[in-house]
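What follows is each chain in one-letter form.
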Amino acid sequence: MRAGFGLPEGVVGGVIDTRRDQLPGYALDHPGPVVVEDFRKEVRFDPTPVQRELGVVSALAVQIRADDRQVGGIAVHSRTRQEFSAKDGHFLQALANVLGAAIERARHEEEVRDSEARFRELADTAPALMWMTDAEGDVTFVNEGWLRFTGRELSEDLGDTFGSSAHPDDRDDLLERWRDAFARRTEFRFEYRLMHRSGEHRWVLEVGVPRFSGGEFVGYVGTATDIHERKAMEDALRKSEASFRDLADNAPVMIWTTDERGLVTFVNAGWLAYTGTTLQDELGDTWTFGVHPEDAGTVVSAWHETLARRGLWEREYRLRAKGGDYRWISERGIPRHEGGSFVGYVGTAIDIHDRKTMESQLREVYEREHTIAETLQRSLLPERLPRIEGLEIAARYLPAGRGAAIGGDWYDALERPDGRVALVVGDVVGHGLRAAAIMGQLRNAFRAYGLAENSPAEVMARVNRLVMTGEEDVMATALYLVLDRETGEVQFSSAGHPPPLVLSDSGTSFLEGARSVPIGAVDPGVFREASATLPADASLLLYTDGLVERRDEPLERRLDALAEAAGRAPGGLEGLCDAVLAGVIGQSMPGDDVALLAVRPRPVASESIRFTLPAEPESLPGLRRRLARFLHAAGADDAETYEITLTVCEAAGNAIEHAYGPGDATFDVEARLDASELVATVSDRGNWRERRGAHRGRGLNIIEGLMDRVEVSTEQEGTVVRMRRRLGASRAA
Amino acid sequence: MSTLAEIGIERHGGTVVARLAGEVDMTNAAHVREQLLDAVPNDALALVVDLGDCRYLDSAAIEVIFDLSRRLQRRRQELRLVVPDSSPLGRVLVLTDVNSVAPVHPSLEAALAQ
C-alpha cells in the first residue's frame with residue numbers, strides 16, 4: 001500500500017514502534033484478539049502517537065501468524081466508542097489467518113525458486129555431464145560440462161534432441177530404453193557411445209532419474225559419465241593379455257586382475273596413483289583394508305558371493321584414496337575363462353566421487369519441495385481436533401504413497417454460535433505446495449463463512465465466490481455439513497464430493513443428494529442443499545476421494561467396499577477409522593491423500609455440569625445448548641428445558657450487565673440434580689441489580705414465576721442466585 | 001446478519017405474516033425488532049408474528065413484542081401472535097402478560113381469520 005485515505009502523511013510506509021506499552025507491541029505479544037473498549041480507560045498500554053492524533057477511541061487487534069510465529073498484526077480502529085464482540089474478534093482473526101497463509105506460501109515459494117536456481121548453479125560448476133528434460137521428454141537444460149564434451153552450442157541441444165548425439169549404431173537401443181523408462185517413470189541407465197568434440201565417439205554411462213515437483217512428474221534429470229577407458233580395456237582384454245597390461249598401465253582408469261581364488265594378481269598404475277600404495281601392498285586380499293568401514297562388511301560378502309558363482313561384479317563403494325580420504329568408486333569385474341576354465345577376474349574402477357556428491361545434492365534439492373509442501377500441509381491441518389461437548393470425534397490423515405505428491409486434502413470441525421456443529425472435508429485439485437497453500441485458504445474461508453451463514457448452500461456459494469474472484473485457478477471438491485447434536489438433524493451441501501456415510505444399528509447408508517458443482521468451476525455456481533435426520537445411535541463418516549477412487553475399479557464398487565468395511569468395524573470411532581482404512585485401502589500405500597473425519601453425538605448424562613464463561617452476551621447461546629443437553633439427558637421435557645434454560649440465562653444476563661468492564665470478567669454456572677429436583681446456581685463478582693430500562697422487573701418476574709424457589713444473596717465476592725425446580729411436576733399435576 | 005434467528009415475510013392481503021424461526025435473546029433482539037418493523041408498510045392493517053418454529057425467547061425478546069405492539073398501535077396497526085399448543089413458549093408468554101398487548105392464536109389460520 002502506498003497511500004491511505006484519511007490518514008496523516010507519513011503513516012503509510014512508516015515504521016510502527018513495537019514497544020510493549022503501546023497497542024501494536026502489546027498485540028504482538030498476546031495471542032487472541034486484544035479489545036480496547038476505550039483508550040482513555042485502558043490500563044494495559046497507551047495508544048500510539050498516530051492513534052492519539054486520529055482520536056481513536058476503540059480498537060480491536062489480532063496477530064498475523066505464519067510458520068507458527070507472529071509476523072505482524074492487524075487492527076481495526078474507531079473514533080467513536082465501539083463494543084467489539086467475540087464474533088468481531090473471530091472475523092478479524094480469520095482475515096489475519098488468510099493473510100498469514102498467504103505470507104507462508106510466498107515464503108515457501110521463494111525457497112523453491114531459490115533451490116531451482118541453486119541447482120543450475122551447482123550443475124554448471126559440476127565436472128559431470130548433466131541434462132534435464134521436461135514432462136514431454138524435451139531437453140530443457142544441459143550443463144557446461146555437457147557442452148564442453150560434445151562441443152555443441154546450447155541451442156543445438158535443447159528441444160526434442162534426446163539421443164541425437166549418440167553413435168548411430170547405439171541410437172535405436174538408447175531411444176528404446178529411454179522411452180520405456182520414461183513411460184514407466186523409472187530410473188534409466190544405459191551405456192552408449194556419445195559424440196565427442198574431437199569427432200570420435202566415447203563410451204558413456206548415462207543415468208536418468210524422474211523428478212517430481214510437489215508430486216507432479218516434471219521430467220528427468222540425468223548425468224553421463226565417461227567410461228571410455230573401461231570399455232576400451234574390456235575390449236583389449238578380449239584380444240590379448242599382453243596388450244592388455246601394456247594398455248592398462250597407460251590408461252587413466254584403475255584396473256585390476258585376480259586369480260581363480262579371487263586374490264589380486266595385478267593392479268595398474270592408475271590404481272596405485274589413486275591409493276598411493278605400492279603394487280606389493282595391493283596383491284592378495286589386502287584391497288579390502290582400504291574399503292570404508294561402513295561399506296566393508298557388505299562389499300566383502302557380496303564379492304565372495306559373486307566369486308562363488310563367477311558372476312558379473314558391479315559395485316559402488318568408498319575406497320581410501322591417497323592422503324586418507326575415502327572417495328566413491330564404481331567398480332566392475334568380468335570373469336575370465338581360458339580354454340573353458342575359470343581363471344579369475346579382470347576389473348576396472350572409476351572415481352565417481354564428484355558424480356555421487358552431485359547426485360545426493362540433487363536429491364536434496366528435489367526432496368526439498370516435497371518436504372516444504374508436507375510441512376506446510378501439516379501446519380495447516382488442525383493439530384488437534386477441537387473438543388466439542390456432546391460430540392465424539394476422530395480423524396485420520398494418510399499421505400499418499402512414496403513418490404506421489406502431497407495433496408490438498410483437509411478436514412475441519414467447529415461449533416457454531418447456534419450450537420450446531422459444522423463439519424467439512426475437502427480436496428483441492430492438484431498436488432504439492434500450491435495445493436497445500438490453497439487448502440489453507442479454503443479451510444479458513446469455510447471457518448469464516450461457516451460461522452456466519454446458516455445455510456450450507458450459502459456457505460458453499462460464498463466460498464465459491466471468494467475463489468472465483470481470486471487470481472488463482474483453483475478447483476476443489478468439498479462436503480460441508482451442519483449437525484444438530486440434540487435432534488440429529490443434518491443439512492449439507494456437496495460440491496462434487498463423494499457422499500458421507502451414516503452408520504447405525506439399522507445398517508449403513510450414504511447421505512445422497514445436494515450434489516453440486518465443484519468449487520471454482522463456474523461463477524455464480526448453483527449449490528444445492530439437502531437435509532436428513534440421523535438415527536439416535538448414528539455415527540457419521542466424512543472422507544475424501546483418495547479413499548474410494550481407484551482407476552481400476554468403478555466408484556460404486558469402492559463405495560460398497562467402504563460401507564462393508566464400516567459395517568464390520570468394532571465399536572468406537574477410532575476403531576471405525578482404523579477398520580475403514582484397513583478394509584478399503586489395505587496394506588498398500590494410497591495413490592492419493594486420504595482424509596477421514598468421523599463423528600457421533602454423545603448423550604450427556606451427568607450428575608452435574610459447571611462452567612465459567614466470559615461475561616458477555618455471546619456466551620449465552622452456547623450456555624443454552626449445554627444446559628439443554630444436560631436437561632434432556634436428565635429427562636426434562638421441551639417446556640421444562642426451555643423454562644429452566646430461560647431462567648438460568650436471565651440470571652446470567654444480569655451477571656453480564658453488571659460485570660466490571662469488558663475482557664476479563666466471567667461468571668459461573670452450575671446445574672445439578674438433587675433427587676428429582678434441579679438446582680441451578682449463577683454467581684458473578686458484581687452487585688445484583690435489577691436491569692434498567694422499560695422491561696424492568698420482567699427478568700426477575702420470569703425467574704420467580706418459573707422456579708419453585710429462588711434465593712439471591714449478595715456476598716462480599718459477588719452475587720449468587722440459587723434456583724430450584726422439581727422436574728416432571730407439570731406432568732404429575 | 002443474525003445466525004440465531006431467521007425471519008420470513010409473507011403478505012396475506014392487508015396482513016403481513018412474519019415467521020420467526022430460531023432463537024431470540026439479548027444478542028439479536030434489537031436486530032429482530034428492526035427487521036419486523038421494516039417488514040410492515042404503512043398501508044398494512046396487521047402484523048402476525050408466527051412463533052411456531054421459534055424455540056427460545058428471553059426477556060429482551062418479550063420486550064421487543066411489547067415495543068412492537070406500542071409502535072404498531074400508534075400507526076393503528078394490530079399485532080397478533082401465533083403460538084401452537086405444542087410450543088414450549090406458552091407459559092412464559094402468559095407469565096409476562098404478553099396477551100394483554102397482542103392476542104395469541106394457536107394457528108396461523110386462526111390468526112388470519114381475525
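Quantities reported herein were computed from a predicted structural model and do not represent experimental measurements.

1. Thoughts on the overall build of chain A
Then, number 1: Secondary structure summary: chain A contains 20 helices and 29 strands in total.
Then, number 2: Residue burial in chain A is summarised as follows: out of 733 residues, 38% are buried.
Then, number 3: Restricting the contact set of chain A to residue pairs at least 6 apart, pairs at least 24 apart contribute 58%.

2. Remarks on the overall build of chain B
Then, number 1: The secondary structure content of chain B amounts to four helices and six strands.
Then, number 2: What you see in chain B, going N to C, is helices and strands ordered as β-β-α-β-β-α-β-α-β-α.
Then, number 3: Looking at the 114 residues of chain B, the share that counts as buried comes to 44%.

3. A closer look at the interface of chain A and chain B
Then, number 1: Across the contact, 25 residues belong to chain A and 19 residues belong to chain B.
Then, number 2: For the side of chain A that touches chain B, the leading source of residues is helix 18 (residues 638–657) of chain A, giving eight residues.

4. As for the sheet that holds strand 11 (residues 313–320) of chain A
Residues and elements named next belong to chain A.
Then, number 1: Strand order across the open sheet formed by five strands is 10-9-13-12-11, with antiparallel pairing between neighbours. A single partner strand is all that each edge strand has here, and the edge strands are strand 10 (264–267) and strand 11. The mean inter-strand angle of the sheet, taken between neighbouring strand axes irrespective of direction, is 25 degrees.
Then, number 2: Taken together, the four bridges between strand 9 (residues 254–258) and strand 13 (residues 341–351) define a ladder with antiparallel strand orientation. Paired with Thr257 across the bridge in strand 13 is Val346.

5. Things to note about the nonpolar core
Then, number 1: Grouped together as the largest cluster of nonpolar side chains are 68 residues, with contacts concentrated most on A:Leu423, A:Leu541, A:Ala566, A:Val580, A:Leu596 and A:Leu597.
Then, number 2: The dominant element in this core, judged by the number of residues it contributes, is helix 13 (residues 432–452) of chain A, at ten residues.
Then, number 3: The contacts of A:Ala566, once residues within four sequence positions are left out, are A:Leu501, A:Leu503, A:Thr508, A:Leu541, A:Leu576 and A:Val580.
Then, number 4: If you look at the next biggest cluster of nonpolar residues, it comprises 65 residues, including A:Ala680, A:Val682, B:Leu51 and B:Tyr56.

6. What about the packing of helix 1 (residues 29–39) of chain B against helix 2 (residues 59–74) of chain B?
The relative placement of two packed helices comes down to the angle between their axes together with the axis-to-axis distance.
Residues and elements named next belong to chain B.
Then, number 1: Look at helix 1 against helix 2: their axes get within 9 Å of each other, and the N-to-C directions meet at 30 degrees. Here helix 1 lies roughly parallel to helix 2, going by the angle between them. Every pair of crossing elements has a handedness; the one defined by helix 1 and helix 2 is right-handed. Between helix 1, through Ala29, Val32, Arg33, Leu36 and Leu37, and helix 2, the contact on the second element is made entirely by Ala60, Ala61, Val64, Asp67, Leu68 and Arg71.
Then, number 2: Tallied by class, residues from the contact of helix 1 with helix 2 come to eight nonpolar, no polar and three charged.

7. Regarding the confidence of the model for chain A
Then, number 1: Chain-level statistics for chain A give a pLDDT mean of 82 and a share of 85% at 70 or above.
Then, number 2: Per-element mean pLDDT across chain A ranges from 58 in helix 20 (residues 729–732) of chain A up to 96 in strand 17 (residues 476–483) of chain A.

8. Some thoughts on unusual backbone geometry
Then, number 1: Look at the link from A:Asp523 to A:Pro524: it is a cis peptide, with omega at -5 degrees.
Then, number 2: Checked against the element boundaries, A:Pro524 lands in the loop between strand 21 (515–516) and strand 22 (530–533).
Then, number 3: Here the phi dihedral of A:Ala675 falls at roughly 55 degrees; this positive angle occurs in a residue that is not glycine.
Then, number 4: With respect to the element layout, A:Ala675 can be found in the loop between strand 26 (666–674) and strand 27 (677–683).
Then, number 5: For B:Asp97, which is not glycine, the phi dihedral falls at a positive 70 degrees.
Then, number 6: The topology assignment puts B:Asp97 in the loop between helix 3 (90–95) and strand 6 (104–105).
Then, number 7: Overall, B:Asp97 belongs to the exposed group, with 12 C-beta atoms counted inside 10 Å.

9. A few points about the sheet that holds strand 2 (residues 58–66) of chain A
Neighbouring strands of a sheet are bound in pairs by backbone hydrogen bonds; such pairs are parallel or else antiparallel.
Residues and elements named next belong to chain A.
Then, number 1: Spatially, 1-2-3 is the arrangement adopted by the three strands of the open sheet, whose pairing is antiparallel. This sheet does not close on itself; its edge strands, each paired only once, are strand 1 (34–36) and strand 3 (69–78). Each strand axis lies, on average, 20 degrees off the axis of its neighbour in the sheet, ignoring direction.

10. Focus on the environment of A:Ala445
Residue and element names in this part refer to chain A.
Then, number 1: Along the chain, Ala445 turns up in helix 13.
Then, number 2: Judged by the 21 C-beta atoms lying within 10 Å of it, Ala445 falls in the buried class.
Then, number 3: Taking C-alpha positions, Ala445 is 9.4 Å from Val467, a pair spaced 22 residues apart along the chain.
Then, number 4: Every residue in contact with Ala445, bar those within four places of it in the chain, is listed here: Val463 and Leu466.

11. Here we look at the packing of helix 18 of chain A against helix 19 (residues 698–706) of chain A
Residue and element names in this part refer to chain A.
Then, number 1: Where helix 18 meets helix 19, the axes come as close as 9 Å, and the angle between the chain directions of the two elements is 145 degrees. Here helix 18 and helix 19 pass one another in a crossing that is left-handed. Each of Glu643, Leu646, Thr647, Glu650, Ala651, Gly653 and Asn654 in helix 18 lies in contact with helix 19, whose residues at this interface are Gly699, Ile702, Ile703 and Leu706.
Then, number 2: A class-by-class count of the residues in the contact of helix 18 with helix 19 yields five nonpolar, four polar and two charged.

12. Observations concerning the environment of A:Asp38
Residue and element names in this part refer to chain A.
Then, number 1: Structurally, Asp38 can be placed in the loop between strand 1 and helix 2 (49–54).
Then, number 2: A count of 14 C-beta atoms within 10 Å places Asp38 in the partly exposed class.
Then, number 3: Taking the C-alpha atoms as reference points, Asp38 and Arg79, separated by 41 residues in sequence, lie 9.9 Å from one another.
Then, number 4: Each residue touching Asp38, except ones within four places of it in the same chain, is listed here: Val57, Ser58 and Arg81.

13. Focus on helix 6 (residues 168–184) of chain A
All names here are of chain A.
Then, number 1: When the terminal C-alpha atoms of helix 6 are compared, their 25 Å separation across 17 residues agrees well with the 24 Å that a helix rising 1.5 Å per residue should span.
Then, number 2: Residues Leu174, Trp178 and Phe182 constitute the buried set of helix 6.
Then, number 3: Looking at the residues trailing helix 6, positive phi occurs at Arg185, about 55 degrees.

14. Some thoughts on the pairing of strand 17 of chain A
Residues and elements named next belong to chain A.
Then, number 1: Strand 17 sits mainly inside the fold: eight of its eight residues count as buried.
Then, number 2: Burial along strand 17 is two-sided: the face carrying Ala476, Ala478, Tyr480 and Val482 and the face carrying Thr477, Leu479, Leu481 and Leu483 are both buried.
Then, number 3: Examined bridge by bridge, strand 16 (residues 421–431) and strand 17 share eight bridges and lie antiparallel to one another. Each residue of the ladder has a partner; that of Val428, found in strand 17, is Ala476.
Then, number 4: Sheet topology places strand 17 next to strand 18 (residues 489–495); six bridges connect them, and they run antiparallel. Following the sheet pairing, Val482 is matched in strand 18 by Gln491.
Then, number 5: Where strand 17 folds back onto strand 18 in an antiparallel hairpin, the turn is made up of five residues, including Gly488, whose phi is positive at roughly 75 degrees.

15. As for the confidence of the model for chain B
Then, number 1: Put simply, chain B has an average pLDDT of 91, and 97% of its residues get 70 or more.
Then, number 2: Two summary scores accompany this predicted model of the complex, namely pTM at 0.44 and ipTM at 0.94.

16. Observations regarding the environment of A:Arg626
Residue and element names in this part refer to chain A.
Then, number 1: Tracing the backbone shows Arg626 in helix 17 (residues 619–633).
Then, number 2: Between the alpha carbons of Arg626 and Glu389 there is a distance of 7.8 Å; along the sequence they are 237 residues apart.
Then, number 3: Those residues in contact with Arg626 that lie beyond four places of it in its chain are Glu389, Ile609 and Phe611.

Parameters and conventions
- Residues numbered from 1 in each chain as written.
- Chains lettered and ligands numbered in written order.
- Predicted model: local features only at pLDDT ≥ 70, side-chain atom pairs only at ≥ 80, totals over all residues.
- Helix = DSSP H or I, 4+ residues; strand = E, 2+ residues; numbered from the N terminus.
- Buried ≥ 20, exposed ≤ 12 C-beta atoms within 10 Å, placed from the backbone.
- Contact = placed C-beta atoms within 7 Å.
- Pairing = 2+ DSSP bridges.
- Axes fitted to C-alpha atoms, helices over the stretch in contact; angles between N-to-C directions.
- Core = buried A, V, L, I, M, F, W, Y, C linked by C-beta atoms within 7 Å.
- Parallel < 35°, antiparallel > 145°, perpendicular 65-115°, else oblique.
- Left-handed = near helix turned anticlockwise from the far one by under 90°.
- Nonpolar A, V, L, I, M, F, W, Y, C, P; charged D, E, K, R; others polar.
- pLDDT = per-residue confidence, 0-100.
- Expected span 1.5 Å × (residues − 1).

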